[in-house]
Amino acid sequence: MKPDIFKKELEKRGIELTDTQMNQFDTYFNMLVEWNEKINLTAITDLEGVYLKHFYDSITLAFVEDFENKEYHLCDVGSGAGFPSIPLKIVFPNLNISIVDSLNKRIKFLEELTANLNLDGVHLYHDRAETFGQNPKFRAQFDFVTARAVARLTVLNELCLPLVKKGGHFLALKAAKSDEELNEAKKSIALLGGKFIDEKSVALPFTDDKRFIIDIQKVKETPNKYPRKPGTPNKKPLI
């Protein structure tokens, strides 16, 4: 997907990008490719692949949630090179973004990226999600928490739901539909104060690829013992 097609496909979804925003995506692409030669940020580095499978893919969240004109606080867990939160921030400058990632090299990239993109309201944290979720400063503070295919849903629930405020939503982006994974996660959803709302599919243009967005609403407070110590959610998921 070339940049001009990227812009046209978003227009079909009611999202109109300015020249400034298109320039920001161009800068993002160039910095991603440049930094990827120094640190491993992504396996996808060709222009059409990045615009489709990173930029457009990230913005699919806006097809199922209304981010426009509201100063929501969104936390991106395990963001890597900034997906999905930085593309969302470019499109919706009103969003307040917090990114937590365990690898400091990625945080350094994001610091330089957000400075070059002139983005305000982006906060970057080098931390483990388990530790971050136990910090009273961040726990139950976010309207939306996102994670993009970084672990199975049972694990993601424990890392992300403690950060969601009551009434807010955890949005998990998945590349494949898995009823087994969703069934496996039912126990952790309930235990951690969540309620499964929906699983919505979005088709990527010009491909047979689909993306699946799992929407879990926070309906009650997460017990204080969660998330458990770093590494425990992966080793002993709540099944």
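As the structure is a prediction and not an experimental result, all values here were calculated from the model.

Can you walk me through the overall build of the protein chain in this structure?
Secondary structure summary: the protein chain contains 11 helices and seven strands in total. Computed over C-alpha atoms, the radius of gyration of the protein chain comes to 17 Å, within 12% of the 18 Å expected from 2.2 N^0.38 for 239 residues, which places it in the range of a compact globule. Here the protein chain, with 239 residues, has 54% of them falling under the buried criterion. Pairs at least 24 apart in sequence give 70% of the contacts found in the protein chain among residues at least 6 apart.

Can you help me understand the UniProt feature "binding site: S-adenosyl-L-methionine" (unreviewed entry) in the protein chain in this one?
Mapped onto the present numbering, the UniProt feature "binding site: S-adenosyl-L-methionine" (unreviewed entry) falls at Gly78, Phe83, Ala129, Glu130 and Arg148. Here Gly78 shows up in the loop between strand 1 (73-77) and helix 5 (85-91). Position of Glu130 relative to the elements: it lies in helix 7 (residues 129-134). Beyond its immediate chain neighbours, meaning those up to four positions away, Glu130 contacts Leu159, Pro227, Arg228, Lys229, Pro230, Gly231 and Pro233.

What is the right way to read the pattern of salt bridges from this model?
Two side chains carrying opposite charge are able to pair once their charged atoms lie near each other. Applying the stated rule across the entire model yields 10 salt bridges. Residues Arg106 and Asp101 are paired through a salt bridge, measuring 2.8 Å at the closest nitrogen-oxygen approach. On the basis of relative accessibility, which here comes to 21%, the residue Arg106 falls in the partly exposed class. Its salt-bridge partner being Glu130, residue Arg128 comes within 3.4 Å of it at the nearest N-O pair. Using a relative accessible area of 38% as the deciding quantity, one classes Arg128 as partly exposed. When salt bridges with common partners are traced through the structure, they connect Asp57, Arg148 and Arg211 into a single cluster.

Before we go on, may I ask you to explain the environment of Pro84 in this structure?
Its place among the elements puts Pro84 in the loop between strand 1 and helix 5. Taking the relative accessible area as the measure of exposure, Pro84 reaches 0% and is therefore buried. Residues Pro84 and Tyr56, spaced 28 residues apart in sequence, show a C-alpha to C-alpha distance of 9.3 Å. Discounting chain neighbours no more than four positions away, the residues touching Pro84 are Ser58, Leu61, Asp76, Thr146, Arg148 and Leu173.

How do you make sense of the pairing of strand 6 (residues 194-203) when you look at a structure like this?
Here nine bridges tie strand 6 to strand 7 (residues 210-218), and the two strands are oriented antiparallel to one another. By the bridge assignment, Lys200 is partnered in strand 7 with Ile213. As consecutive antiparallel partners, strand 6 and strand 7 are separated by six residues, and within that stretch Phe206 has a phi angle of approximately 65°, a positive value.

Thresholds applied
Residues numbered from 1 in each chain as written. Predicted model: local features only at pLDDT ≥ 70, side-chain atom pairs only at ≥ 80, totals over all residues. Heavy atoms only, no water. Helix = DSSP H or I, 4+ residues; strand = E, 2+ residues; numbered from the N terminus. Rg over C-alpha atoms; globule rule 2.2 N^0.38 Å. Buried < 20%, exposed > 50% of the residue type's maximum accessible area, 1.4 Å probe, protein only. Contact = heavy atoms within 4.5 Å. UniProt positions renumbered as here; feature names shortened; annotations may be inferred. Salt bridge = Lys/Arg side-chain N within 4 Å of Asp/Glu carboxyl O. Pairing = 2+ DSSP bridges.

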